[in-house]
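# An overview of the molecular structure
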Amino acid sequence: MKRRIPVAALLLAAVPVLRWYAARMQDGGGEAAGLVPLLFASCFLFRARREIASSTMGRGSGIAVLLAYAVSFQFLPPLIRAVMFIVAVALVTGVWRKPGIVLLLILSLPLAASLDFFFGYPLRLVTSVAAENLLGLAGLDVGREGVVLLHGENVVGVDPACSGLNMLWTAGLFTGLLASAFSLGWRKIFPLGLAALAISLAANSIRASLLFFPESGLIEMPHILHPVIGLVIAALALAGLAKLARGLADREKPSAAPPSPHSPLALTIAAVCAAAAPLFSMAKPPDEISSAPPLHRFGGQPVTQVALTAAEENFYADFPGYIAVYEGDGFKLTVRHVTRATRKLHPASHCLRAEGFSIGEKTTRTDDAGGHWLTYTATRNGIPRTVRERIRRAEGGGQWAEISAWYWSAFLRPSDGPWVAETVIGAQ
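Everything numeric here is computed off the predicted structure, so don't read it as measured data.

## With respect to the overall build of the chain
A count of helical and extended segments in the chain gives 14 helices and 14 strands. Relative to its 428 residues, the chain shows a buried fraction of 43%. Sequence-distant contacts, at least 24 apart, represent 68% of the contacts inside the chain between residues at least 6 apart. Counting only carbon and sulfur atoms, one obtains 64% of the accessible surface of the chain, whose full area is about 22,700 Å².

This is the structure in structure tokens:
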């Protein structure tokens, strides 16, 4: 019975993580891909069940991480808490000796939206710089402005779909699979992971460079070949990663550490603290919130302010700024004034997906007034709607078509604020 007490406490402590995980799987954000690494992790865990055993060092480290999880519950974001919980359980149970399985469990978390928010623009910037240099080596006079490649009068943007995040996530999944299949330890999985990162960035840069030719009109190519080029490059990259993993593989399977006797008391206390952490809410000091300035016209058309819905008021309860919603002739305008870099200012496409919309390809367009907008189509029940969104400085110049680009600028230069995010949803 004593052996079961820590297990029961860990399961209780896992409830907040599992509830958050279930909610993210159902919010329409495209996070269901995480079920794939979860399935593989479960299979590898079953296969290695006789090799996994807890150790004194692992339990001590796991207890420390579990206590840190409990202490930081109120101020760390759910994704970071979930990673901490996975690490704690892996340490306590001995799964940490199988780094490939640990990586697969972490990749099973809903990462897509967060990766896109924080790393979407930086990765596009890396891709555009690399593509500029590769095309220069090919003899083309290509310039670059941000994530836009320029060749004469041809302008080719490295759009969000070309950030390489999907390739990077796939390479991470492949790394976890290879490390688990070849029983690679921590000393071997680190060079494999670094190689996966380098190969992903290189493959995406080569893909963007090759697609520059048809996108700029230098050559004619059927549009169906665009994804084919991406798939071929990805397959070659993953094949190279598999060859590297085979070379790193040990010829003999590592022996598992023998289980050591222990008292479950310390682990039980730590798990109970983690389970009780959600019960102790810490009030956050609200940011200074002003009322929205009057807005009567937008884009030359009259608009009327409407009341926020209950869901909007709840979501923006601790928003660092304020929000106002307007309606015009055939369109809806959402204006969010924000005072600092924050994850609360998320792309409109995330909310639209949660409401059942399918999101089309995103492109950056410039209007007649020189405004740069991220533009795409959102469709629900067969009815398409055009969506435009951008962020601009409330005073002075400076505008961004994407949240990721704005976030890093606001994070590095907070004195540039406040900012205004505008989202326009209208009939197509």
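## Observations concerning a nonpolar patch on the surface
Together, I224, L225, V228, V232 and L236 make up an exposed nonpolar region whose accessible area comes to about 460 Å². Mapped onto the secondary structure, I224 falls in the loop between helix 9 (186–215) and helix 10 (225–248). Accessibility expressed as a relative area gives 62% for I224, which makes it exposed.

## Quick word on helix 2 (residues 15–25)
If you check which residues of helix 2 are buried, you get V17, W20, Y21 and R24. Across the axial projection of helix 2, the buried residues extend over an arc of 100 degrees, all falling on one side. Helix 2 presents L18 and R19 as exposed residues on the side facing more than 90 degrees away from its buried surface. In this structure, the buried residues of helix 2 make contact with helix 3 (35–47), helix 4 (56–71), helix 5 (78–93) and helix 7 (112–137).

## Points about the sheet that holds strand 1 (residues 143–145)
The strand order across the open sheet built from three strands is 1-2-3, with neighbouring strands paired in antiparallel fashion. Two strands in the sheet have a free side with no partner beyond their single neighbour: strand 1 and strand 3 (154–157). Direction aside, the axes of adjacent strands within the sheet are offset by 25 degrees on average. As judged from the three bridges shared by strand 1 and strand 2 (residues 148–151), these two strands associate in the antiparallel manner.

## Quick word on the confidence of the model for the chain
Per-residue pLDDT for the chain averages 81, and the proportion of residues at 70 or more is 88%. Ranking the elements of the chain by mean pLDDT puts helix 1 (residues 4–13) last, at 69, and helix 6 (residues 99–107) first, at 94. Every residue in residues 1–5 is under pLDDT 50, and counting partners more than four places away or in other chains gives three contacts. Every residue in residues 285–289 is under pLDDT 50, and counting partners more than four places away or in other chains gives seven contacts.

## Side note on unusual backbone geometry
Across residues other than glycine, the phi torsion is negative in most instances, and most of the peptide bonds are trans. Even without being a glycine, S183 presents a positive backbone phi close to 55 degrees. Looking at where S183 falls in the secondary structure, it is placed in the loop between helix 8 (165–181) and helix 9.

## Quick word on the pairing of strand 12 (residues 383–393)
In terms of strand pairing, strand 11 (residues 372–380) meets strand 12 through seven bridges, oriented antiparallel. In the sheet register, T379 faces strand 12, and the bridge partner there is P384. As defined by bridge partners, strand 12 adjoins strand 13 (residues 399–400) across two bridges and the pair is classed as antiparallel. By the bridge assignment for strand 13, R392 is matched with Q399. Hairpin geometry of strand 12 and strand 13 is characterised by an intervening segment of five residues between the two adjacent antiparallel strands and by a positive phi of about 85 degrees at G396.

## Observations concerning the packing of aromatic side chains
By the definition in use, this model includes 13 aromatic pairs. Pairwise contacts between aromatic rings join F117, F118, W406, Y407, W408, F411 and W419 into one cluster. Geometry around F46 places R49 over its ring, the cationic atom sitting 4.1 Å from the centre. The ring of Y376 carries K362 above its face, with NZ or CZ at 5.4 Å from the centroid.

## Focus: the environment of F85
As for its placement among the helices and strands, F85 is situated in helix 5. Separated by 68 residues in sequence, F85 and V17 place their C-alpha atoms 8.1 Å apart.

## Thoughts on the packing of helix 4 against helix 11 (residues 265–276)
Relative to each other, helix 4 and helix 11 sit at 20 degrees, their axes nearing to 8 Å. Relative to helix 11, the element helix 4 is oriented roughly parallel. Our pair here, helix 4 against helix 11, has a crossing hand that is left-handed. Counting all contacts with helix 4, which are made through I63, L66, L67, Y69 and A70, the residues of helix 11 involved are A266, L267, A270, A271, C273 and A274. Across the contact of helix 4 with helix 11, the residue classes break down as eleven nonpolar, no polar and no charged.

## Brief notes about the pairing of strand 2
Along strand 2, the buried face is formed by L149 and H151; none of V148 and L150, which line the opposite face, is buried. Here strand 1 folds back onto strand 2, and the loop between the two strands holds two residues, one of which, G146, carries a positive phi near 65 degrees. Judged from the four bridges that link them, strand 2 and strand 3 form a sheet pairing that is antiparallel. Among the inter-strand pairings, L149 is bridged to a residue of strand 3, identified as V156.

## Considering the pattern of salt bridges
Scanning all chains against the criterion turns up six salt bridges. Across the pair K98 and E51 runs a salt bridge, and its minimum N-O distance is 2.6 Å. You can see K98 sitting in the loop between helix 5 and helix 6 and its partner E51 sitting in the loop between helix 3 and helix 4, a full 47 residues away along the chain. On the basis of relative accessibility, which here comes to 13%, the residue K98 falls in the buried class.

Rules and cut-offs
- Residues numbered from 1 in each chain as written.
- Predicted model: local features only at pLDDT ≥ 70, side-chain atom pairs only at ≥ 80, totals over all residues.
- Heavy atoms only, no water.
- Helix = DSSP H or I, 4+ residues; strand = E, 2+ residues; numbered from the N terminus.
- Buried < 20%, exposed > 50% of the residue type's maximum accessible area, 1.4 Å probe, protein only.
- Contact = heavy atoms within 4.5 Å.
- Areas by Shrake-Rupley, 256 points an atom, 1.4 Å probe, with all protein chains shown as cover.
- Patch = residues over 30% accessible without salt bridge, like charges linked within 9 Å, V, L, I, M, F, W, Y side chains within 5 Å.
- Salt bridge = Lys/Arg side-chain N within 4 Å of Asp/Glu carboxyl O.
- Arc of directions from axis to C-beta.
- Pairing = 2+ DSSP bridges.
- Axes fitted to C-alpha atoms, helices over the stretch in contact; angles between N-to-C directions.
- pLDDT = per-residue confidence, 0-100.
- Phe/Tyr/Trp six-rings, centres within 6.5 Å; stacked < 30°, edge-to-face > 60°.
- Lys NZ or Arg CZ within 6 Å of the ring centre and 35° of its normal.
- Parallel < 35°, antiparallel > 145°, perpendicular 65-115°, else oblique.
- Left-handed = near helix turned anticlockwise from the far one by under 90°.
- Nonpolar A, V, L, I, M, F, W, Y, C, P; charged D, E, K, R; others polar.

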